[in-house]
Amino acid sequence: MTAGAADPLTPGTAAAELVADLRDGGKTVATAESLTAGLVAATIAGVPGASAVLRGGLIVYATDLKHQLAGVSEQVLATEGPVAASTAEQLAVGAQTRCGADWGLALTGVAGPDPQDGIEVGTVFLGIAGSGHTEVMRLKLTGDRWNIRYTATRAAVQELLRCVRGVTPTR
């Protein structure tokens, strides 16, 4: 890659629009990422001017770190597991509160190659916290590990942009 080339994570995503909308609204975002291991934060950071809106991120690949860093309830982790809607919601709230951001964005799921604790490859939970509400969506993605992680990252950026713009989900 040559100097001055575009960040390879940002083309084809809504990341530039997200950064612009957050900046224009004086809002910030933080992430808590498991299966994407920082790809969402890196995608946002790839946009020039992201430092005005990106507070930081928590990489919580290990289950114990979901509790220790993001504050996910030990009871939720023990009963529902690390890949669950309630875990994604608590990850999003944890990113928002622990990083002091207006919005928290979280991803947890199974990228493969094998199922995890009976959960199919491609199962992803996306959590968003902010503006007085939280929401979680379940995604069913296909492809290899990279495709699942990349597609989950794109979905996270697009869904947060939708929320920042105050658009009701169509699902």
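Trainee: Can you help me understand helix α6 (residues 145–164) in this one?
Mentor: With 20 residues, α6 extends 29 Å from end C-alpha to end C-alpha; this agrees with the ideal 28 Å at 1.5 Å per step. Within α6 the residues assigned to the buried category are Ile-148, Arg-149, Ala-152, Thr-153, Ala-155, Ala-156, Val-157, Glu-159, Leu-160, Leu-161, Arg-162 and Cys-163. Looking at the buried side of α6, the elements it contacts are α1 (15–25), β1 (29–33), α2 (39–45), β3 (103–109), β4 (123–130) and β5 (133–140). Just downstream of α6 lies Gly-166, where phi reads positive at about 75 degrees.

Trainee: How do you make sense of the pairing of strand β2 (residues 54–59) when you look at a structure like this?
Mentor: Side-chain direction in a regular strand flips from residue to residue, so the side chains alternate between the two faces of the sheet. Pairing between β1 and β2: five bridges, direction parallel. From the neighbouring strand, Ala-30 faces β2, where its bridge partner is Gly-56. Handedness of the crossover joining β1 and β2 through α2: right-handed.

Trainee: Any chance you could explain the environment of Trp-146 here in plain terms?
Mentor: Within the secondary structure, Trp-146 sits in helix α6. On a C-alpha basis, the gap between Trp-146 and Ala-45 in space is 19 Å, while along the polypeptide they are 101 residues apart.

Trainee: I keep staring at the state of the cysteines and nothing clicks. Help me out?
Mentor: The bond known as a disulfide is covalent and runs between the sulfur atoms of two cysteines. Taken as a whole, this structure holds zero disulfides when the rule is applied. Unpaired in terms of disulfides, Cys-99 finds its nearest cysteine sulfur in Cys-163, a separation of 18 Å.

Trainee: Help me understand the sheet that holds β5, please; the structure alone is not making it clear to me.
Mentor: Each strand in a sheet pairs with another by means of backbone hydrogen bonds, the pair being arranged parallel or else antiparallel. With respect to topology, five strands assemble into an open sheet ordered β2-β1-β3-β4-β5, the strand pairing being mixed. The open sheet has two free edges, formed respectively by β2 and β5, since each of these has just one partner strand. Recorded for the sheet is a direction-independent mean angle of 15 degrees between the axes of neighbouring strands. Pairing analysis gives eight bridges linking β4 to β5, with the strands arranged antiparallel. The residue bridging Val-124 from the neighbouring strand is Leu-139, located in β5.

Calculation rules
Residues numbered from 1 in each chain as written. Predicted model: local features only at pLDDT ≥ 70, side-chain atom pairs only at ≥ 80, totals over all residues. Heavy atoms only, no water. Helix = DSSP H or I, 4+ residues; strand = E, 2+ residues; numbered from the N terminus. Expected span 1.5 Å × (residues − 1). Buried < 20%, exposed > 50% of the residue type's maximum accessible area, 1.4 Å probe, protein only. Contact = heavy atoms within 4.5 Å. Pairing = 2+ DSSP bridges. Right-handed = clockwise from strand over helix to strand, strands pointing away. Disulfide = S-S within 2.5 Å. Axes fitted to C-alpha atoms, helices over the stretch in contact; angles between N-to-C directions.

Take it as geometry only, folks, not as evidence of what the structure does.
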